[in-house]
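Survey of secondary and tertiary structure
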Amino acid sequence: MDLFYQTKTTYETLEEIAQTFQIKVDEPVKLYPDEQRYKNNQAFQHLEREFGRQPTPKYEGSAPIKLVEAVHPRAEVEGWRKRLSA
């Protein structure tokens, strides 16, 4: 499963339309490619560096975050609702 599947398919559709109508498409712009946003937080550095990689390498340190997955968005919301009301 690709977290950005819908975004990716939209992008590909737009690329196809541009090719069909011979519209020049610029190279993507990477925002802050050299900025070290999390230079003081190794857990977030790990998350950003490894995001989307399968299998995801385990972070061995202590982390102020917890990532969980659900089968669909409603199940994700229900899971958090149950945790918060417990």
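Our subject in this report is the structure included herewith. Quick caveat: nothing in here was measured; it's all calculated off a predicted structure.

Turning to the overall build of the protein chain, a few remarks are in order. Helix and strand counts for the protein chain stand at 3 helices and 0 strands. When its helices and strands are written in sequence order, the protein chain yields α-α-α. Each of the three principal axes of the protein chain carries a C-alpha extent, and together these read 55 × 35 × 25 Å. Counting the 86 residues in the protein chain, one finds 5% classified as buried. Counting every atom, the protein chain has about 8,700 Å² of accessible surface; 54% of that belongs to carbon and sulfur.

Attention now goes to a nonpolar patch on the surface. A cluster of nonpolar side chains, contributed by Leu14, Ile17, Phe21 and Ile23, occupies part of the molecular surface with about 420 Å² of accessible area. Within the secondary structure, Ile23 is located in the loop between α1 (5-20) and α2 (42-50).

So, about unusual backbone geometry. With the exception of glycine, most residues fall at negative phi, and the peptide bonds are largely trans. Gln54 connects to Pro55 through a cis peptide bond whose omega is -10 degrees. Structurally, the position occupied by Pro55 is in the loop between α2 and α3 (73-85). Phi is positive for Gln22, close to 55 degrees, though the residue is something other than glycine. Residue placement: Gln22 occurs in the loop between α1 and α2. For Gln22, a relative accessible area of 75% translates into the label exposed.

Moving on: α2. Along α2, the positions that sit buried rather than exposed are Ala43, His46 and Glu50. Along the axis of α2, the buried residues cluster in a sector spanning 65 degrees; they form a single face. The residue sitting at the N-terminus of α2 and contributing the capping side-chain oxygen is Asn41; that oxygen lies 3.1 Å from the backbone nitrogen of Ala43. Looking one or two residues past α2, Gly52 carries a phi angle of roughly 90 degrees, positive in sign.

It is worth spelling out the pattern of salt bridges at this point. This structure, assessed with the given rule, holds 4 salt bridges. If you follow the salt bridges from partner to partner, you end up with Arg49, Glu50 and Arg53 in one network.

This part is about the environment of Leu47. With respect to the element layout, Leu47 can be found in helix α2. Judged by its relative accessible area of 25%, Leu47 is partly exposed. As a C-alpha pair, Leu47 and Ile65 span 18 residues in sequence and 9.7 Å in three-dimensional space. Setting aside chain neighbours within four positions, we find Leu47 in contact with Ile65 and Leu67.

Conventions adopted
The written sequence of each chain sets the order in which its residues are numbered from 1. Residues qualify for local features only when their pLDDT is at least 70, as the model is predicted, and side-chain atom pairs are given and counted only at 80 or more; totals for whole chains, interfaces and linings, by contrast, use all residues. In computing side-chain properties, one takes all heavy atoms of the structure into account and sets aside hydrogens as well as water. Note on conventions: DSSP H or I runs of at least 4 residues are helices, E runs of at least 2 residues are strands, and numbering of each starts at the N terminus. When accessible area is computed with a 1.4 Å probe and restricted to protein chains, residues below 20% of their type maximum are described as buried, those above 50% as exposed, and intermediate ones as partly exposed. Residue-level accessible areas treat just the shown protein chains as cover; the underlying method is Shrake-Rupley with a 1.4 Å probe. Within this analysis, patches are made of residues with over 30% relative accessible area and no salt bridge. Like charges are joined at 9 Å or less; nonpolar side chains (Val, Leu, Ile, Met, Phe, Trp, Tyr) at 5 Å or less. Here, a salt bridge means any side-chain nitrogen of Lys or Arg that lies within 4 Å of a carboxyl oxygen of Asp or Glu. Note: the arc covers the axis-to-C-beta directions of the helix. Under this definition, polar contacts are N or O atom pairs within 3.5 Å; protein pairs additionally need one hydrogen-donor-capable and one acceptor-capable atom, and for neighbouring residues in sequence, both atoms have to be side-chain atoms. Contact criterion: two residues are considered in contact whenever any of their non-hydrogen atoms come within 4.5 Å of each other.

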